[in-house]
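# Chains, contacts and geometry: an overview
The residues making up each chain are set out below.
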Amino acid sequence: MNLYEKILTSKYYYISKTNWLRPIWATILYICLFHIFNILSTAIILRFNIKSLSKIEFVSLWAGIGGLLIWLHYYVFLTKKSFADRLKQIKINSLKKNYFFHLIYELISIAYLCYALNIDWGYYFYLSLGLVGFYLINNVIISEMDEKTNANKGKN
């Protein structure tokens, strides 16, 4: 399994602990959102004139790119092995490290977007604090859930 698959699988693990409805789709949509941020930032830096697009063209373009990314993630990663099968191949200790790699990717993606849109870096600081805060809170919640699960397994 390559690093990207490990990161995607660890993201799924943490999302599945807190989102019981559709963790597969929540994971894919979350990952694709940051890919769209990076594509948008690159388009802006390469002087693609977004303002010249009508609303329909803009929505169609980005919905098409988003749909393509979602399809690629689903097709490439989930037709071969499910997330549950991938989780069996990864050690639980490495999930936190891979999840942290995705946090770094998120912070870099938001910094790139702020740079491309000339957004004040103070806002980036607040966004970063929010992301890191969510990351830490999520880790604490998941760690407690895992400890309770392991304690219950030990009693049986």
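Before going into details, it helps to say that this report is about the structure given with it. (Residues numbered from 1 in each chain as written. Predicted model: local features only at pLDDT ≥ 70, side-chain atom pairs only at ≥ 80, totals over all residues. Heavy atoms only, no water.)

Under the 1.5 Å per step criterion, the end-to-end length of helix α1 (residues 3–18) is 23 Å for 16 residues, consistent within 8% with the ideal 22 Å. Within the sequence span of α1, burial applies to Glu-5, Ile-7, Leu-8, Thr-9, Ser-10, Lys-11, Tyr-12, Tyr-13, Tyr-14, Ile-15 and Ser-16. (Helix = DSSP H or I, 4+ residues; strand = E, 2+ residues; numbered from the N terminus. Expected span 1.5 Å × (residues − 1). Buried < 20%, exposed > 50% of the residue type's maximum accessible area, 1.4 Å probe, protein only.)

Another aspect to go through is the packing of helix α2 (residues 23–45) against helix α3 (residues 55–78). As a packed pair, α2 and α3 sit with axes 9 Å apart at the nearest point and diverge in direction by 130 degrees. Relative to α3, the element α2 lies oblique. Two packed elements cross with a definite hand, and for α2 against α3 that hand is right-handed. In this structure, α2 uses Ile-24, Trp-25, Ile-28, Leu-29, Ile-31, Cys-32, His-35, Ile-36, Ile-39 and Leu-40 to contact α3, whose residues at the interface are Trp-62, Ile-65, Gly-66, Leu-69, Ile-70, His-73, Tyr-74 and Leu-78. Looking at the contact of α2 with α3 residue by residue, the classes come out as 15 nonpolar, three polar and no charged. (Axes fitted to C-alpha atoms, helices over the stretch in contact; angles between N-to-C directions. Parallel < 35°, antiparallel > 145°, perpendicular 65-115°, else oblique. Left-handed = near helix turned anticlockwise from the far one by under 90°. Contact = heavy atoms within 4.5 Å. Nonpolar A, V, L, I, M, F, W, Y, C, P; charged D, E, K, R; others polar.)

This part takes up the packing of aromatic side chains. A full pass over the atoms with the stated rule returns 12 aromatic pairs. An angle of 65 degrees between the planes, with centres 5.3 Å apart, marks the rings of Tyr-30 and Phe-34 as edge-to-face. Of this pair, Tyr-30 and Phe-34 are both found in helix α2, four residues apart, which corresponds to roughly one turn of the helix. For Phe-34, a relative accessible area of 4% gives the class buried. (Phe/Tyr/Trp six-rings, centres within 6.5 Å; stacked < 30°, edge-to-face > 60°.)

Now for the environment of Arg-47. On the secondary structure map, Arg-47 appears in the loop between α2 and α3. For the pair Arg-47 and Ala-116, spaced 69 residues apart in sequence, the C-alpha to C-alpha distance is 9.9 Å.

Scanning the entire structure with this criterion turns up two salt bridges. The shortest N-O distance in the salt bridge between Arg-86 and Glu-5 comes to 3.1 Å. Here Glu-5 lies in helix α1 and Arg-86 lies in helix α4 (residues 83–89), a separation of 81 residues in the sequence. Overall, the relative accessible area of 16% leaves Glu-5 in the buried class. For Glu-106, the salt bridge is made with Lys-11, and the minimal N-O distance between the two is 3.5 Å. Of the two residues, Glu-106 is situated in helix α5 (residues 92–116) and Lys-11 in helix α1; the sequence distance between them amounts to 95 residues. Taking the relative accessible area as the measure of exposure, Lys-11 reaches 5% and is therefore buried. (Salt bridge = Lys/Arg side-chain N within 4 Å of Asp/Glu carboxyl O.)

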